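These are the residues of each chain, in order.
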Amino acid sequence: MDESTLRRKVQRKSKIRGYSIKLDALAEIVSFASRFDGCEDDAIDLVLDHLHDESLQSSIIDKDAVHRVVSILLAADEAGEECPDTSTSTSALCIIDAFDISKYRYDPIKKIFYMHTGSLPIHGDASAKAALYRDRFLLLSQRLSRDQHFSKPAFDSGMSHFGSCEISPIQSLVGQTGRKWVMGVISQMEDGHFYLEDLTASVEINLSSAKITTGLFTENTVVVAEGEMLVEGIFKVITCGFPPLEDRDKSLKLLAGQDFFGGGSLTKEETLRLADLEKRAINDMFVILSDIWLDSEEAMGKLETILDGFENVEIVPSLFVLMGNFCSRPCNLAFNSYSSLRLQFGKLGKMIASRPRLKEHSKFLFIPGPDDAGPSTVLPRCALPKYLTEELQMHVPNAIFSSNPCRVRFYTQEIVFFRQDLLYRMRRSCLIPPSTEETSDPFEHLVATITHQSHLCPLPLVIQPIIWNYDHCLHLYPTPHVIVLGDRSKQQAFKYTGITCFNPGSFTNDSTFVAYRPCNQEVELSAL
């Protein structure tokens, strides 16, 4: 950002706060803000917020007051740089288990989110299932209400076709004529008959001639549809799409410091400092592998080659993410080789421990796959059982066993890891063939679906069960910076509306993996 733009920003922000800035004080703030490339707005706000806490004699800000504040902020920034070990251990890498994420609910009357404070039993009662659908709908409804195209006009004026498209409650469709916009969840109340439901009512829909947007339309997905009521009481859909996305920064401003991600909320000062450190962390790299069969000699041989390669590079990766499945056979009721699987995990631990640089400087994160050992196939899945992993943990103290999905915060960057064969299951459950107008790539359709739905797995619960009280662990709101979808389909990367999404592919079958550099969100698709 050039200096003249910065000066105008400082003057405007100061005026809003009721300050008059002297020229030398203005130059001091501009000089400070220009140190933080890309975060100038936050830097200006930070200085002005600290000035508010100073004992000012008048509303005219001079250089001395600004210099005192800037000196304090620079000293704090330098202190963070002088203690890189502390910063790395406490702030740089934070791994969040799904079951540790706070639950927030939206109050449509007060129009605010509030934290759920009661207990969250794994076996919820019937009301928890109803709340799951209600919470998903309200999450997207409050997001849609801020979109300029769907907000109610302030004055009752004729709008063009591309103007305001006010959402009508489904209950109000009875007896109405003409085109209407509605928002609802697609459900199948009777075999072969699909309905659209919101919090007021439900209506049968006809999708036979609907024009759809990019995405995979399945039961349980929330859609915005334009259509008209037919005489027989069926809503004939003309156009149908997912609720529009909201910019991450806009969502965060509205949440007023509430921690939806689970890594702890950051102050403006911390965000600035960590964003600066993140950009400087050019040597940090994450290596992500999915589908590693420990009982396959070929897979273990390939993994050994990968570890050897990274052991001998100048700077070893800071994090290895190993996602299941960890066995070639599903660990279900018919599986009776847990003792041998435990030994194979121990063998992997010895393999990592024999490479001293990786053992000392790298962290190893293990995320279970859909067929790995655990209490059930329901989502979210808890970490791998301790019985299987304790031998590996003895050899590799840096090993971390987390849930599926799992969240990682690197400085300010939010990354979601999810291991599920989602693409195949979503395509099988489609009610309408995906649109080919914008793309014919199935992975791009999948990414569009989960980001617009703000949910990692919008499949019907009969296809993929979810713990009712922990559905919030699969929410993608506000949108994270990176989504890693471990899938058996081919390796792929796709950047969608600023969100980096990629699939490392199946390591056992295709020998593929991904090297990811968080400092610039660079995805390197790799293979042996």
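Everything here concerns the structure above.
Calculation criteria
Residues numbered from 1 in each chain as written. Predicted model: local features only at pLDDT ≥ 70, side-chain atom pairs only at ≥ 80, totals over all residues. Heavy atoms only, no water. Helix = DSSP H or I, 4+ residues; strand = E, 2+ residues; numbered from the N terminus. Buried < 20%, exposed > 50% of the residue type's maximum accessible area, 1.4 Å probe, protein only. Phe/Tyr/Trp six-rings, centres within 6.5 Å; stacked < 30°, edge-to-face > 60°. Lys NZ or Arg CZ within 6 Å of the ring centre and 35° of its normal. Axes fitted to C-alpha atoms, helices over the stretch in contact; angles between N-to-C directions. Parallel < 35°, antiparallel > 145°, perpendicular 65-115°, else oblique. Left-handed = near helix turned anticlockwise from the far one by under 90°. Contact = heavy atoms within 4.5 Å. Nonpolar A, V, L, I, M, F, W, Y, C, P; charged D, E, K, R; others polar. Polar contact = N/O pair within 3.5 Å; in protein donor to acceptor, adjacent residues only side chain to side chain. Pairing = 2+ DSSP bridges.

A. Quick look at unusual backbone geometry. Put simply, Gly324 and Asn325 share a cis peptide bond, and its omega is 5°. By secondary structure assignment, the location of Asn325 is in the loop between β13 (319–323) and α10 (338–353). Here Leu379 and Pro380 are connected by a cis peptide whose omega angle stands at -10°. Positioned with a positive phi, Asn220 is a non-glycine residue whose angle comes to about 85°. In this structure, Asn220 sits in the loop between β9 (211–212) and β10 (222–229). Phi angles above zero are rare outside glycine, and Ser454 is one such case at about 55°. With respect to the element layout, Ser454 can be found in the loop between α14 (442–453) and β18 (482–486). The buried category is assigned to Ser454, whose relative accessible area is 1%.

B. Layout of the packing of aromatic side chains. Summed over all chains, the structure comprises 21 aromatic pairs. Taken together, a centroid distance of 6.0 Å and an interplanar angle of 75° make the contact between Phe260 and Tyr477 edge-to-face. Note that Phe260 is positioned in the loop between α7 (248–255) and α8 (268–280) and Tyr477 in the loop between α14 and β18, a separation of 217 residues in sequence. Taking the relative accessible area as the measure of exposure, Phe260 reaches 12% and is therefore buried. A relative accessible area of 7% places Tyr477 in the buried class. Three or more aromatic residues link up through ring pairs in this structure, and these residues are Tyr104, Tyr106, Phe113, Phe260 and Tyr477. Positioned above the aromatic ring of Phe507, the side-chain terminus of Lys302 is 5.7 Å from the ring centre. Across the ring face of Tyr387, the terminal group of Arg342 is positioned such that the distance to the ring centre comes to 4.9 Å.

C. Representation of the packing of α10 against helix α12 (residues 386–395) within the structure. Packing of α10 against α12 brings their axes to within 8 Å, and their N-to-C directions diverge by 15°. With respect to α12, the axis of α10 lies roughly parallel. Between α10 and α12 lies a crossing of right-handed hand. Taken together, the residues of α12 that come into contact with α10 (itself represented by Tyr338, Ser339, Leu341, Arg342, Leu343, Phe345, Gly346, Leu348, Gly349, Lys350 and Ala353) are Tyr387, Leu388, Glu390, Glu391, Leu392 and His395. Class assignment for the residues of the contact of α10 with α12 results in nine nonpolar, four polar and four charged.

D. Quick peek at the packing of helix α1 (residues 3–16) against helix α2 (residues 23–33). Taken N-terminus to C-terminus, the directions of α1 and α2 make an angle of 115°; their axes are 10 Å apart at the nearest point. Once α1 is placed against α2, the crossing between them reads as right-handed. Of α2, the residues touching α1 (which contributes Glu3, Leu6, Arg7, Val10 and Gln11) are Leu23, Leu26, Ile29, Val30 and Ala33. Taken together, the residues that form the contact of α1 with α2 break down as seven nonpolar, one polar and two charged.

E. View of the environment of Ile483. Structurally, the position occupied by Ile483 is in strand β18. Relative accessible area serves as the criterion here: at 0%, Ile483 is assigned to the buried category. C-alpha separation for the pair Ile483 and Leu132, spaced 351 residues apart in sequence, amounts to 22 Å. In contact with Ile483, not counting residues within four places along its chain, are Val416, Ile450, Thr451, Leu456, Leu476, Ile499, Thr500, Cys501 and Phe502.

F. Structural view of the environment of Glu204. For Glu204, the position within the fold is in strand β8 (residues 202–206). Between the C-alpha atom of Glu204 and that of Ile234, which follows or precedes it by 30 residues, the distance is 5.2 Å. Residue contacts for Glu204: discarding those within four places in its chain leaves His193, Phe194, Tyr195, Gly233, Ile234 and Phe235. In terms of polar contacts, Glu204 uses its side chain to reach the side chain of His193, at 2.8 Å.

G. Highlighting the sheet that holds strand β19 (residues 492–496). Reading across the sheet, the six strands line up as β3-β16-β17-β18-β20-β19 and stay open at both edges, with mixed pairing between neighbours. Two strands close off the open sheet at either side, each with one partner strand: β3 (93–97) and β19. Strand-to-strand twist in this sheet, taken as the mean axis angle between neighbours without regard to direction, amounts to 15°. Judged from the five bridges that link them, strand β17 (residues 413–419) and β18 form a sheet pairing that is parallel. The residue of β18 that forms the bridge with Phe417 is Val484. Against the sheet, α14 engages β18, β19 and β20 (499–503), with an angle of about 45° to β19.

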